[in-house]
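Residue-level listing of the chains:
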There are 2 protein chains.
Amino acid sequence: MRVLITGGGGFIGRKLTQALLRDDRMPVERITLFDVVPAEGLPPDPRIEPATGDIADRGALDDAAADADLIWHLAAVVSAGAEADFDLGYRVNVDGTRRLLEALRATGRRPRVVFASGFAVFGGDLPDAITDDFHPTPQTSYGTQKAIGELLVADYSRKGYVDGRSLRLPTIVVRPGKPNRAASTFASSIIREPLTGQEAICPVGRDTAIYILSPRRVVDGLLRAMSLPEAAWGMNRTLPLPGITVTVGDMVDTLERVAGRAVTDRIRWQPDPVIQRIVASWPARAEARRAREMGFTDDGSFDTILAAHIEDELGGIVPAAQ
Amino acid sequence: MRVLITGGGGFIGRKLTQALLRDDRMPVERITLFDVVPAEGLPPDPRIEPATGDIADRGALDDAAADADLIWHLAAVVSAGAEADFDLGYRVNVDGTRRLLEALRATGRRPRVVFASGFAVFGGDLPDAITDDFHPTPQTSYGTQKAIGELLVADYSRKGYVDGRSLRLPTIVVRPGKPNRAASTFASSIIREPLTGQEAICPVGRDTAIYILSPRRVVDGLLRAMSLPEAAWGMNRTLPLPGITVTVGDMVDTLERVAGRAVTDRIRWQPDPVIQRIVASWPARAEARRAREMGFTDDGSFDTILAAHIEDELGGIVPAAQ
């Protein structure tokens, strides 16, 4: 199998790559990691092929797409970035997605593609819990662009140009690495930075509820979405994934229980109205019934998410507070 | 007020133009009718300005958009057309809509725009009646493109580039003129053609239920959507309109009651699986609660729709069967 991962230099792309290389059941010949910059921090492996370029440039993806069997489309300008630069967001998130689908259509081989969408497609007047058939009325350009991507993936699939599947991902917590321009980046920072002795700013209040999924479960979900037979998707190629609902206060309390007060004292509470508005526009709860029936799972609790982060990113060791 | 109507050469564009010119409450300085061909059949009026061009061409709309205050965006490749020519549908229905919104954004004047979307955004697994918050999972490229248009109109509005409103229109019956490439064109043909002594083909069965609205009510709806204050739309710029649910058999029975058996004998029943599949993918019923609260109305019965057609298009006279 030849794999293409757009946004392959990002942390999910890299974790997915490592999972694919480890998985003996799936004979991977090659994994092309397409991104604006080369992927770093991966173990050397002859099957990894970096490819750099701008996904929205005509022809940029053609080589990488020409013989790919399985494509994970993760590349995106993230939420606060797309809100700050309207044109860039449309160029990458809409035009880039269409260019990818056109490149895959041009192969005539009907490759299978998993598109990373998100709960940011929702916004406005929301019910207590999002049902699987609730309409997206996004209140960010990022959410709009993801909703458009879902529609494109579904239509290209219906026409038989690709075999596409879109996952609406909850907010991913705890992201490793550095903060990014996602409005939700604080949700990882307030855990990750204090654990390594750094301060983190929390721009929302303790009672802000968010709907989250761990990197482990996201990678599992991306793999499951790829492996399910086409018949499992029926006439709806877009799937809201299960997550758990936690408040920021719950997360910090859990961190304090595990790592101590000296660690959580590194969180500085600095309200930011722009971030608060974006985060408040996203749903905090979803039923995700169909996804659960299809075998997708959540983390169960934030304790599990925190433990997985400490295991995967800190070698299982909770650093002593300095 | 300076008005721009894209697709202004179509029958809705022309009816809307006539309504605007008649309406003394709205001081119209100019109505630019943008279309691929010049509008025909309008009474001469110095305020009408034809403009021809391809909406998807860069710059084609710039002049027409430069000083427009009110824009009705009706231009589209219709359903069967967009299904038959995938690239053309995306070019006109998606790229054209984006070009229009970009041209309006470039004015810096935040003009008000009403976008004609439709119930074709729905498809797949549908409830008995579509609720206002039911998700669009279109099963045609046309429906996909309209759903993308709605998302664009909403996001450009949220960003303050335009003041946009999208109406999900039921199938418009009885359309005057000739059949077009809409999969729903038969729903008008089976009434219109027999009334003027011509045969019409019905590609679907008598028990096919459709959700319809008359040209009169559509024009009323387009005017109402433009006149409502921005605050009426809240965080959702997309509105499913009320219609009535009728079966094709009901429509033909009504026609027979009004015009006689010799007229309905001109209908030839020739099943067409492609048309049947497209029509069956659309919802036959919707609640449209929010639109009713906002003052939008349906026709009440097919009798009313038929009577309006005879009055508006046949001078009120039911032709004797030849």
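Rules used throughout
Residues numbered from 1 in each chain as written. Chains lettered and ligands numbered in written order. Predicted model: local features only at pLDDT ≥ 70, side-chain atom pairs only at ≥ 80, totals over all residues. Helix = DSSP H or I, 4+ residues; strand = E, 2+ residues; numbered from the N terminus. Rg over C-alpha atoms; globule rule 2.2 N^0.38 Å. Buried ≥ 20, exposed ≤ 12 C-beta atoms within 10 Å, placed from the backbone. Contact = placed C-beta atoms within 7 Å. Nonpolar A, V, L, I, M, F, W, Y, C, P; charged D, E, K, R; others polar. Expected span 1.5 Å × (residues − 1). Core = buried A, V, L, I, M, F, W, Y, C linked by C-beta atoms within 7 Å. Pairing = 2+ DSSP bridges. Axes fitted to C-alpha atoms, helices over the stretch in contact; angles between N-to-C directions.

1. With respect to the overall build of chain A
Along its length, chain A carries 12 helices and 12 strands. A globule of 322 residues ought to have a C-alpha radius of gyration of about 20 Å, and chain A, at 19 Å, matches this closely. Overall, chain A is about 60 × 45 × 40 Å in size when its C-alpha atoms are taken along their principal axes. The 322 residues of chain A split such that 52% are buried. Taking as baseline every contact in chain A between residues at least 6 positions apart, the subset at least 24 positions apart corresponds to 77%.

2. Details of the interface of chain A and chain B
Taken residue by residue, the interface counts 20 residues in chain A and 20 residues in chain B. Taken together, the residues that form the side of chain A that touches chain B break down as 8 nonpolar, 7 polar and 5 charged.

3. Concerning the environment of Ala-187 of chain A
Residue and element names in this part refer to chain A. The topology assignment puts Ala-187 in helix α6 (residues 186-195). Taking the number of C-beta atoms within 10 Å as the measure of exposure, Ala-187 has 24 and is therefore buried. Distance from Ala-187 to Ser-117, taken between C-alpha atoms, is 18 Å for residues 70 residues apart in sequence. In this view, Ala-187 contacts Thr-171, Val-173, Ile-210 and Ile-212; residues no more than four positions away in its chain are not counted.

4. A short note on helix α1 (residues 11-22) of chain A
All names here are of chain A. In this model, α1 (12 residues) spans 17 Å end to end at C-alpha, consistent with the 16 Å of a helix rising 1.5 Å per residue. Within α1, the full set of buried residues consists of Phe-11, Ile-12, Gly-13, Arg-14, Leu-16, Thr-17 and Leu-20. In the core, the buried residues of α1 are packed alongside β1 (2-6), β2 (30-35), β3 (48-52), β4 (70-73) and α7 (215-227).

5. Some points on the nonpolar core
With 195 residues, the main nonpolar core has Ile-5 and Leu-104 of chain A together with Ile-5, Leu-104 and Ile-190 of chain B as its most contacted residues. Excluding residues within four positions of it along the chain, Ile-5 of chain A makes contact with Gly-13, Leu-16, Thr-17, Ile-31, Leu-33, Phe-34, Trp-72 and Leu-74 of chain A.

6. What to know about the sheet that holds strand β1 (residues 2-6) of chain B
Residue and element names in this part refer to chain B. Strand order in the open sheet formed by 7 strands is β3-β2-β1-β4-β5-β6-β10, with parallel pairing between adjacent strands. Taken across any chain shown, the strands that pair with only one partner, and hence form the sheet edges, are β3 (48-52) and β10 (238-240). Across the sheet, the axes of successive neighbouring strands diverge by a mean angle of 20°, strand direction being ignored. Here β1 pairs with strand β4 (residues 70-73) via 4 bridges, running parallel. Within the sheet, the bridge partner assigned to Leu-4 lies in β4 and is Ile-71. Its contacts with the sheet place helix α5 (residues 141-158) against β5 (112-118), β6 (163-169) and β10, and it is angled at close to 160° to β5.

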